[in-house]
Amino acid sequence: MKIIFMGTPEFAAPSLDALLNSKHNVAAIVTQPDKPAGREKRLTPPPVKVRALKAGLTVLQPERIKDEGFLNALSELNPDIIVVAAYGKILPAKILHLPKYGCINVHASLLPKYRGAAPINWAIINGENEAGITIMQMDEGLDTGDILLQEGIPIAKDDTTGTLSVRLSQLGAKLLIKALEAIDVGRIKAIPQDNSKASFAPILKKGTGRIDWTREAEDIYNMVRGMDPWPGAFTYYKGEMWRVWKTAVGNNRNGTPGTVINVDGGKIDIACGKGVISITEMQPANKRRMAVSDFLRGNKIETGIILGA
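Let me begin by describing the structure that accompanies this report. (Residues numbered from 1 in each chain as written. Predicted model: local features only at pLDDT ≥ 70, side-chain atom pairs only at ≥ 80, totals over all residues. Heavy atoms only, no water.)

Things to note about the overall build of the protein chain
Here is step 1 of the chain: The helix and strand tally for the protein chain stands at eight helices and 15 strands.
Here is step 2 of the chain: Oriented by its inertia axes, the alpha-carbon framework of the protein chain measures out at about 65 × 45 × 30 Å.
Here is step 3 of the chain: Within the protein chain, the proportion of its 309 residues that are buried is 48%.
Here is step 4 of the chain: Look at the contacts in the protein chain between residues 6 or more apart in sequence, and 64% of them connect residues 24 or more apart.
Here is step 5 of the chain: Total accessible area computed for the protein chain in this model is approximately 15,100 Å², and 50% of it derives from carbon and sulfur atoms.
Here is step 6 of the chain: The positive charge centre, built from 39 side chains, and the negative charge centre, built from 32, are 3 Å apart in the protein chain. (Helix = DSSP H or I, 4+ residues; strand = E, 2+ residues; numbered from the N terminus. Buried < 20%, exposed > 50% of the residue type's maximum accessible area, 1.4 Å probe, protein only. Contact = heavy atoms within 4.5 Å. Areas by Shrake-Rupley, 256 points an atom, 1.4 Å probe, with all protein chains shown as cover. Lys, Arg positive; Asp, Glu negative; His and termini not counted. Charge placed at Lys NZ, Arg CZ, Asp CG, Glu CD.)

As structure tokens, this is what we get:
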């Protein structure tokens with residue numbers, strides 16, 4: 001089949017690689033425009049563009065998905081199907097209905113659970129035991145299309161969004177090829193979603209990572225993992241921001257939520273609404289990410305201080 005691939009972040013790269021190693025013809029890729037990154041704000045191409053250029057593919061980076069010039073370019077390519085994997089923009093009806101087989105999406109959840117932009121993050125934040133991939137026939141709703149293929153994998157207790165994304169991206173690539181083979185021979189079965197079981201995974205913002213110490217320790221533990229690598233969980237110690245990267249759930253002790261109740265070698269114990277969180281890896285303002293044991297060698301942390309103020 002003649003395919004246009006639409007994707008942007010590293011999550012989408014294994015799916016593109018799988019297509020390039022398959023019998024299918026990737027006519028072009030569509031990805032987000034290059035964006036400033038790093039301290040120097042250097043214009044940086046998205047991972048999918050880097051992969052595509054190495055493969056000698058045509059790359060389209062429209063500023064506006066509804067731009068007539070872009071839509072005409074897609075139409076001229078005359079694809080049999082459009083494959084979408086974490087592209088980052090909602091497709092208009094003109095694109096959805098352009099190819100013979102429509103558009104299919106590699107979505108990182110077991111739909112109808114976690115429709116939306118950040119399904120992996122929210123699955124971890126909410127303490128789920130299972131994540132997965134759904135290959136979905138796209139329609140004009142938000143991840144509401146029929147399910148073509150679906151497979152789950154367990155979420156490990158120490159998984160972060162970063163580590164789980166890697167495993168899901170590989171699973172997504174495998175299921176994508178399987179789905180395309182079934183579509184190609186007319187043996188795919190589309191199953192409508194049960195909308196009564198739908199849940200949502202809204203996009204994360206920088207402020208989403210602020211830790212609410214009145215919550216239970218287990219909830220904070222999951223939230224820290226779900227915010228890694230972006231936007232990162234954070235709190236404040238005497239007005240200085242700390243990024244919190246790794247924690248452990250400690251023994252129950254009384255204390256006002258957010259209070260530093262113990263500092264012991266490799267950890268900083270914080271009272272929560274229920275239970276205790278031990279910070280084991282952190283990033284002080286304007287410094288590198290480090291183990292708490294390294295931070296404490298040159299810094300004294302006072303007990304009794306309430307974080308977040």
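Structural notes on the environment of Pro154
Here is step 1 of the chain: The residue Pro154 is located in strand β9 (residues 147-154) in this model.
Here is step 2 of the chain: Accessibility expressed as a relative area gives 58% for Pro154, which makes it exposed.
Here is step 3 of the chain: Spatially, the C-alpha atoms of Pro154 and Arg289 are 28 Å apart, while their sequence positions differ by 135 residues.
Here is step 4 of the chain: Those residues in contact with Pro154 that lie beyond four places of it in its chain are Asn129, Glu130, Asp159 and Arg167.

Considerations on helix α2 (residues 47-54)
Here is step 1 of the chain: All of the buried residues in α2 are Val48, Lys49 and Ala52. Projected down its long axis, α2 carries its buried residues within an arc of 100°, all on one side.
Here is step 2 of the chain: Buried residues along α2 sit against β1 (2-7), α1 (13-20), β2 (25-30) and β5 (59-60).
Here is step 3 of the chain: After α2 finishes, the residue Gly56 shows a positive phi value of roughly 75°. (Arc of directions from axis to C-beta.)

Here's the deal with the packing of aromatic side chains
Here is step 1 of the chain: Going through the model one piece at a time under the given rule, you end up with three aromatic pairs.
Here is step 2 of the chain: When the ring of Tyr237 is compared with that of Trp242, the centres are 4.9 Å apart and the planes differ by 15°; the resulting orientation is stacked. A single burial state applies to Tyr237 and to Trp242, both of which are buried.
Here is step 3 of the chain: Aromatic rings pair up to connect Tyr237, Trp242 and Phe295 into one cluster. (Phe/Tyr/Trp six-rings, centres within 6.5 Å; stacked < 30°, edge-to-face > 60°.)

Some points on the nonpolar core
Here is step 1 of the chain: Ranked by internal contacts, the top residues of the largest apolar core, which has 71 residues, are Ile135, Leu168 and Ile268.
Here is step 2 of the chain: Of the residues forming this core, the biggest block, ten residues, is contributed by helix α6 (residues 161-184).
Here is step 3 of the chain: When residues no more than four places from it in sequence are discounted, the contact partners of Ile135 are Ile104, Asn105, Val106, Asp146, Ile147, Leu148, Leu149, Gly172, Leu175, Leu176 and Ala179.
Here is step 4 of the chain: Within the second largest apolar cluster, 19 residues are counted, among which are Leu74, Ile82, Leu96 and Met136. (Core = buried A, V, L, I, M, F, W, Y, C linked by side-chain atoms within 4.5 Å.)

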